Amino acid sequence: QVQLAESGGGLVQPGGSLRLSCAASGPIYSINVMGWYRQGPEKSRELVATITSDGSTKYADSVKGRFTISRDNAKNTVSLQMNRVKPEDTAVYYCNVDGVIAKRPDPREEYWGRGTQVTVSS
């Protein structure tokens, strides 16, 4: 089945940078939307950024101008470049893929990663 592997999380100081990566593996033909969501302390999961197969992007207002999402369709990977991070960016970040077309019959079209912790603190 399709699996997502996230990496890049860790501890970073306010104002610093961090890059998250997610690789999708399995019998994948194509993926419509790839993105990142996060869930901070005492908060519900929220959309951070998404990118479609043709390059259209969407960002949460709280990260516009600071985060940049990108993808490599050939490798089925999506990355999130986080710049000028703030303490409020602290959260577990989850990779998400939606609209997956598999190379063999599969009732699922959306998958979630296990999550990677990002902590912004001095």
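Residues numbered from 1 in each chain as written. Predicted model: local features only at pLDDT ≥ 70, side-chain atom pairs only at ≥ 80, totals over all residues. Heavy atoms only, no water.

Asker: Summarise the overall build of the chain; cite the residues concerned and give the values.
Answerer: Across its full length, the chain carries 0 helices and 11 strands. Reading the secondary structure of the chain in the N-to-C direction produces β-β-β-β-β-β-β-β-β-β-β. Against the 2.2 N^0.38 benchmark of 14 Å for 122 residues, the chain shows a C-alpha radius of gyration of 14 Å, consistent with a compact globule. Across its three principal directions, the C-alpha atoms of the chain cover 50 × 25 × 20 Å. Per-residue burial for the chain yields a buried fraction of 40% across its 122 residues. In the chain, the proportion of contacts linking residues at least 24 apart, taken out of those at least 6 apart, comes to 57%. A total of about 6,700 Å² of accessible surface is found on the chain, and carbon and sulfur atoms cover 45% of it. Positive and negative charge centroids in the chain, built from 15 and 12 side chains respectively, lie 4 Å apart. (Helix = DSSP H or I, 4+ residues; strand = E, 2+ residues; numbered from the N terminus. Rg over C-alpha atoms; globule rule 2.2 N^0.38 Å. Buried < 20%, exposed > 50% of the residue type's maximum accessible area, 1.4 Å probe, protein only. Contact = heavy atoms within 4.5 Å. Areas by Shrake-Rupley, 256 points an atom, 1.4 Å probe, with all protein chains shown as cover. Lys, Arg positive; Asp, Glu negative; His and termini not counted. Charge placed at Lys NZ, Arg CZ, Asp CG, Glu CD.)

Asker: Help me get a handle on the packing of aromatic side chains, residues and values and all.
Answerer: Summed over all chains, the structure comprises 1 aromatic pair. A ring pair is formed by Y37 and W112, whose centres lie 5.0 Å apart and whose planes are at 65°; its orientation type is edge-to-face. Here Y37 is found in strand 4 (residues 28-39), whereas its partner W112 is found in strand 10 (residues 110-112), with 75 residues between them in sequence. The ring of Y94 is capped by R45, whose NZ or CZ atom sits 3.8 Å from the centre of that ring. R45 extends its terminal NZ or CZ atom over the ring of W112, reaching a point 4.8 Å from the ring centre. (Phe/Tyr/Trp six-rings, centres within 6.5 Å; stacked < 30°, edge-to-face > 60°. Lys NZ or Arg CZ within 6 Å of the ring centre and 35° of its normal.)

Asker: Give me the lowdown on unusual backbone geometry, citing residues and values where you can.
Answerer: The phi dihedral of N76 is positive, around 55°, even though this residue is not glycine. Looking at where N76 falls in the secondary structure, it is placed in the loop between strand 7 (67-72) and strand 8 (77-82). Of note in this structure, R84 is not a glycine but carries a positive phi near 50°. Along the chain, R84 turns up in the loop between strand 8 and strand 9 (91-102). Overall, the relative accessible area of 48% leaves R84 in the partly exposed class.

Asker: Summarise the sheet that holds strand 8; cite the residues concerned and give the values.
Answerer: The strands making up a sheet associate through hydrogen bonds between their backbones, and the pairing can be parallel or antiparallel. The 4 strands lie next to each other as 1-3-8-7, forming an open sheet whose pairing is antiparallel. Only two strands of the sheet have a single neighbouring strand rather than two, namely strand 1 (3-7) and strand 7. For this sheet, the mean inter-axis angle between neighbouring strands, taken without regard to orientation, is 15°. Judged from the 5 bridges that link them, strand 1 and strand 3 (residues 18-25) form a sheet pairing that is antiparallel. Paired with L4 across the two strands is A24, which belongs to strand 3. (Pairing = 2+ DSSP bridges. Axes fitted to C-alpha atoms, helices over the stretch in contact; angles between N-to-C directions.)

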